[in-house]
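Architecture and fold: a report
Single-letter residue listing:
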There are 4 protein chains.
Amino acid sequence: MSFKSDNCGPAHPAIMQALNDANQGFAPSYGADDLTAKVEAKLREVFEAPEASIHLVATGTAANALALSTLTQPWQTIFCTPLAHIHTDECHAPEFYTGGAKLSLVGDDDKMTPDALQAAIEGWPLGDVHCSQRGPVALTQVTEMGRVYSLDELSALSQTAARYDLPVHLDGARFANALAALGCTPAEMTWKAGIDAVSFGGTKNGCLGVEAVIFFNPEKAWEFELRRKRAAHLFSKHRFLAAQMLGYLTDDLWLTMARDANAKAARLADGLRSVPDCHFLAEPQANMIFATLPRATHQRLMTGGAHYGLNQGPLEGGAADEPLAMRLVCDWSISDDAIDHFVALAMGD
Amino acid sequence: MSFKSDNCGPAHPAIMQALNDANQGFAPSYGADDLTAKVEAKLREVFEAPEASIHLVATGTAANALALSTLTQPWQTIFCTPLAHIHTDECHAPEFYTGGAKLSLVGDDDKMTPDALQAAIEGWPLGDVHCSQRGPVALTQVTEMGRVYSLDELSALSQTAARYDLPVHLDGARFANALAALGCTPAEMTWKAGIDAVSFGGTKNGCLGVEAVIFFNPEKAWEFELRRKRAAHLFSKHRFLAAQMLGYLTDDLWLTMARDANAKAARLADGLRSVPDCHFLAEPQANMIFATLPRATHQRLMTGGAHYGLNQGPLEGGAADEPLAMRLVCDWSISDDAIDHFVALAMGD
Amino acid sequence: MSFKSDNCGPAHPAIMQALNDANQGFAPSYGADDLTAKVEAKLREVFEAPEASIHLVATGTAANALALSTLTQPWQTIFCTPLAHIHTDECHAPEFYTGGAKLSLVGDDDKMTPDALQAAIEGWPLGDVHCSQRGPVALTQVTEMGRVYSLDELSALSQTAARYDLPVHLDGARFANALAALGCTPAEMTWKAGIDAVSFGGTKNGCLGVEAVIFFNPEKAWEFELRRKRAAHLFSKHRFLAAQMLGYLTDDLWLTMARDANAKAARLADGLRSVPDCHFLAEPQANMIFATLPRATHQRLMTGGAHYGLNQGPLEGGAADEPLAMRLVCDWSISDDAIDHFVALAMGD
Amino acid sequence: MSFKSDNCGPAHPAIMQALNDANQGFAPSYGADDLTAKVEAKLREVFEAPEASIHLVATGTAANALALSTLTQPWQTIFCTPLAHIHTDECHAPEFYTGGAKLSLVGDDDKMTPDALQAAIEGWPLGDVHCSQRGPVALTQVTEMGRVYSLDELSALSQTAARYDLPVHLDGARFANALAALGCTPAEMTWKAGIDAVSFGGTKNGCLGVEAVIFFNPEKAWEFELRRKRAAHLFSKHRFLAAQMLGYLTDDLWLTMARDANAKAARLADGLRSVPDCHFLAEPQANMIFATLPRATHQRLMTGGAHYGLNQGPLEGGAADEPLAMRLVCDWSISDDAIDHFVALAMGD
């Protein structure tokens, strides 16, 4: 019963198989292999973006930090929400990779609004050498609270950015889950909505460790290659990144897993709606649930073997009925039994 | 017939198996899993270093840059040879990770001598605020020309460093091949010889992509953890790094593969000694051969299907008897047939 | 009638004289001259801090960025207010000098409170490798809104920092004005109140361009020297920095000028209290006034030859009675006539 | 008798006067003052470069580091000699400001040759992501050994750089001395000879502390402004930088002082030619002399009150006739008497 994170689950067998299949004989190193060429072609097809530049790395933080540093001068500020992963969970990777850019926090929520974005941009006056200079807008889809921007919301934000001539980056660590939730195409959720660059996640959705950085305008492709090598993120046995991503994309495995994970989270959310004193902090739209439960319920769950993140603590001490917030994440591999058992425990059955 | 690099070959089946075995159910992320604990214990045992801090990353450049940046202040200089991988092949990763440290080139060869090291150190006067400040000594074992420092040579260099109170880092991308060549213990080739930190390579010797950074004095372990996360080199599904390294160390697989690779290179070197106008640039000691062949011989080899690095060029044009330098690398998987075929082609048989 | 900034005014004649006096014959460079030794001794005496390390630079941003970078690791966060000069007016100098540290904004005002500070510190959990690590607390005295922390307020903030083992830096660009306002000793406003390092400003208070960085614990003095040289802020003809600072400190000139500037600002504030629809945004305590006036009054002032900063605009268009915020700064050189003329213009006389 | 450095001497009285004259009333800060506009116009006139962008800073290291960082990507290498000030005397300022660029050392002398430059450039292959990428060529005029590149030498070097599409920077800490030695125009020694950017020194030649960075192509002017502010080198009371530089340029004072300094050095060199066992290490061409004298002669000089740099030591101990290298620098203010006295002491008169 692990709802701790979608990076605690196993890789999908088909991806493991792709990895094993790739392990035959010699292959050119550093991305000159056939599988890498194939995965680049496949991603361009998936995104309907024949010009896009594609670059594989092994971690989501690397994808974000490398993509953003390619779009940001050191004296510019990146606009993101206060809950953005790049702000709260990457130990200054964006600041390190950009050489000292600043993150300006927009609004006070996981979702940015055009008005809040405009206010934040205007907060740094143009042409003033003393200030942060305006830089890219960084969005997360699925957001850090499990919500999903609609295509209209994405477009409104990117139009605001475009009015100030600022590029837009999308942290898609859970890109597939968002796509499954919206039921649209990858192109619609990215370049057709004004997104310039994407961190296209594989790790959380059934891979071992692979992410693709995609720039729809490839003019900085060589700079990105240099940044990746300089940051030590260019794999010598690159075929093992490519194989994972290729397995991920083959036969829409990535979408199947994302739909499964979302469906599991929906089943879990449905169950929780019947649990006494369970309150959702955000309406679940993809594969994450943020909700509160009374301390006593948490104690019963944890004693019963459930694993998940408790955002407020401590578990021990305090009133039995004090509401404590939790995060529950479903990956492709979680079973219906585990979900039902969790709900039953929460119900006190 | 690929002698291009030991990062072009496949992973060893036992390591693939270890990876497959690790892919069961849920496991804590970011290194809190059981396999990571096991691999750390195993490496401490292998190195007879119960206090050592152990950190896994996926690339050799990451291992080097993170290890060196932990030992180097931005205003210090790292002492290395002009052929050092950190100088010639890492696209400024050391400079980036250290925040602007300088590499001072010692001697003009792949192997450093104590005298050359001392001269380089004294080249930067002590206590002068205008100069580079003296920092760590960085050695590579196996060297970039395929040679191996003897234990006495390592000790003499580390004693020179110690006289100036400077730490010593060992780039062990081919650590196992050097160890197999020397027939000593890991402890003897590292901390007993005065080495403070090691990049312990797995990738080139049969893994998919894993290296261990080892500090024999663990006082900077937490700083290293922060540096690794900040550089985006902390894997979420960390068990997949640990599994590779554990498979690598189990039943001395790492040493078996290294001995095999060295033996293959010896077989190849023996064959080349009979090839007309073949001249070794360095006496082969591990799994790499640097030698010259006439242009016409290279043309025959390449036409015949051989893959390897030509350090001087171009292959086309120029005199048929002009000597051109090549690098030949053997990994665990190369076959005797491939070697014999290569030699036969070179002989013109 | 310039109330634009205290960096628009002239240097005091006595400081100019000190500069001229220093321009005799040869003197050792890079701070090895006699004047530098004298000014260091003098500052140690002024601060009753015989162990302090003292370092001169030419700009306030250099003083802040160098001092903070000496106290901050790249993965740490600096706690400051959203109005802090280091956040709003230094074009990422702190981020650049620290190698990518983050500024965490405390509260929503120019003055930090212990509660807001504690909440911000606790916002970054201890021992989590993914997060910003807790770093120094950065205060500004006089604040960016012209207010002055009392000694009790400073102590309460530094005690909060001390509970988390965090150092405290004081941006004293207007140190003298604050000291004059409080009527205490330099020691009381710094180390006796728990301050670890100070940017002691001279430029805004009658010098040409000189600031002293003071560390009460000198253990990082050599690191600071290296940081200063590396950042190109070590002057070769260092006597010209020292001479200014020595002239500044001689016969309490610095305090005399600060008291004069504060008195001028008080006279101006008194006058403004009679001006219709003038509202103070913060109670003036030193030499800066933040207030609103109707647009029409601003138009009359500017037409009449007044120079000052209008924080909201534009001046043209909009309703005549719309309140617009302004900043008025007095330096030692402003005349009573200028002040009275300004007030008369504002009154519409 | 100080021949230690041209940064030990006093500022010229006319420059002091200009500084005093500038200290009248209020002036806009941060370079918006009239004097700054005047000095920019004057420098454009002096360099016959009406489009050039001009930026003042206070130290030579700041001029070099800011200029070079504007021309260099972090993954590029700067080509300079092993004696270059930017390599030996700036405590990694170039590495810091560029965010980790590397300095590739060309030749083994103070003067670069086109052949050595070409070899160094070709040492880093084009289009290889693992290597340093080729960046700007950095020359010093007067060189660090007191020699002067002829116009033909400069052009040959810049033509080599241009063949690889690399920009050229000139460290002109002693620009005026070189110009006086060559008897050419500033334009001839810079843009007409293919130089793209100059650090135009004032400090060593009679100013207190001011240098101008000049870009003949102004397309990166705004980036430079941001870099300067971010590095804390933008002066608030900017008129005091401008006043120095304006005084320096008025009535050709800069050239007069440089010619005087060169003439003094020539007088000193002439005297030294008669001193027993004095050997020049480089033929003096401007205001610096590098030569050896026997230890006993040095002892006599120092005992007699001479101040100068001894590049090898120690002075005490060792054979009386052992040759030790010295550096002698003349500035505008050194007297003929001091020179003659020095020579007489060296002669043992």
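A brief structural summary. Everything numeric here is computed off the predicted structure, so don't read it as measured data.

**Some thoughts on the relation of the copies chain D and chain A**
With an RMSD of 0.0 Å, chain D superimposes on chain A once it is rotated by 180° and translated 0.0 Å along the axis. This pairing of chains is accounted for by a two-fold axis. Of every C-alpha in chain D, the one belonging to Gly99 of chain D sits nearest the axis of rotation, 3.4 Å from it. Most of the interface of chain D is mirrored in chain A, where 100% of its interface residues are also at the interface.

**Considering the sheet that holds strand E9 (residues 288–294) of chain B**
Residues and elements named next belong to chain B. The four strands are arranged E8-E9-E11-E10 in an open sheet whose pairing can be described as antiparallel. Two strands bound the open sheet, and with one partner strand each, they are strand E8 (279–280) and strand E10 (309–310). The pairing of E10 with strand E11 (residues 323–329) spans two bridges and is antiparallel. Bridging from a neighbouring strand, Gly309 pairs with Arg327 of E11. Against the sheet, helix H12 (residues 253–272) engages E8, E9 and E11, with an angle of about 20° to E9. On the sheet, helix H13 (residues 295–303) packs against E9, E10 and E11 and is oriented at approximately 115° with respect to E9.

**A word on the packing of aromatic side chains**
What characterises a pair of aromatic rings is the spacing of the ring centres plus the angle enclosed by the ring planes. According to the stated counting rule, one finds 50 aromatic pairs over all chains in the structure shown. Where Tyr248 of chain C meets Trp254 of chain C, the ring centres are 6.3 Å apart and the plane angle is 45°; that geometry is what we call tilted. Seen from their ring centres, Phe175 of chain D and Phe200 of chain D are 5.2 Å apart, and the 70° between their planes marks the pair as edge-to-face. With Phe175 of chain D in helix H8 (residues 175–182) and Phe200 of chain D in strand E6 (residues 197–201), this residue pair connects regions lying 25 residues apart in the sequence. Considered together, Phe175 of chain D and Phe200 of chain D belong to a single accessibility category, that of buried residues. In this structure an aromatic cluster arises from ring pairing among Phe47, Phe175, Phe200, Phe216, Tyr248 and Trp254 of chain A. When the ring centre of Phe96 of chain B is taken as reference, the NZ or CZ atom of Arg230 of chain A above it lies at 3.9 Å. Its guanidinium or amino end placed over the ring of Phe280 of chain C, Arg273 of chain C lies 5.0 Å from that ring's centre, counting from NZ or CZ.

**Considering the interface of chain A and chain B**
At the junction of the two partners, chain A supplies 47 residues and chain B supplies 47 residues. Contact between chain A and chain B buries roughly 4,000 Å² in total, counting both sides, with carbon and sulfur atoms accounting for 61%. Together, Phe26, Phe96 and Lys237 of chain A form the three largest contributors to the area buried by chain A at its contact with chain B, with a combined 20%. Here chain A and chain B share zero salt bridges between them. The tally of links between chain A and chain B comes to 24 residue pairs in polar contact (both at pLDDT 80 or more). When residues of the side of chain A that touches chain B are traced back to their parent elements, those giving at least two are helix H1 (13–22), helix H3 (60–71), helix H5 (93–98), helix H10 (221–230) and helix H11 (239–249) of chain A. By residue class, the composition of the side of chain A that touches chain B is 24 nonpolar, 15 polar and eight charged.

So, how was this worked out
- Residues numbered from 1 in each chain as written.
- Chains lettered and ligands numbered in written order.
- Predicted model: local features only at pLDDT ≥ 70, side-chain atom pairs only at ≥ 80, totals over all residues.
- Heavy atoms only, no water.
- Least-squares fit on C-alpha atoms with pLDDT ≥ 70 in both.
- Contact = heavy atoms within 4.5 Å.
- Pairing = 2+ DSSP bridges.
- Helix = DSSP H or I, 4+ residues; strand = E, 2+ residues; numbered from the N terminus.
- Axes fitted to C-alpha atoms, helices over the stretch in contact; angles between N-to-C directions.
- Phe/Tyr/Trp six-rings, centres within 6.5 Å; stacked < 30°, edge-to-face > 60°.
- Buried < 20%, exposed > 50% of the residue type's maximum accessible area, 1.4 Å probe, protein only.
- Lys NZ or Arg CZ within 6 Å of the ring centre and 35° of its normal.
- Buried area = accessible area lost by both parts, 1.4 Å probe.
- Salt bridge = Lys/Arg side-chain N within 4 Å of Asp/Glu carboxyl O.
- Polar contact = N/O pair within 3.5 Å; in protein donor to acceptor, adjacent residues only side chain to side chain.
- Nonpolar A, V, L, I, M, F, W, Y, C, P; charged D, E, K, R; others polar.

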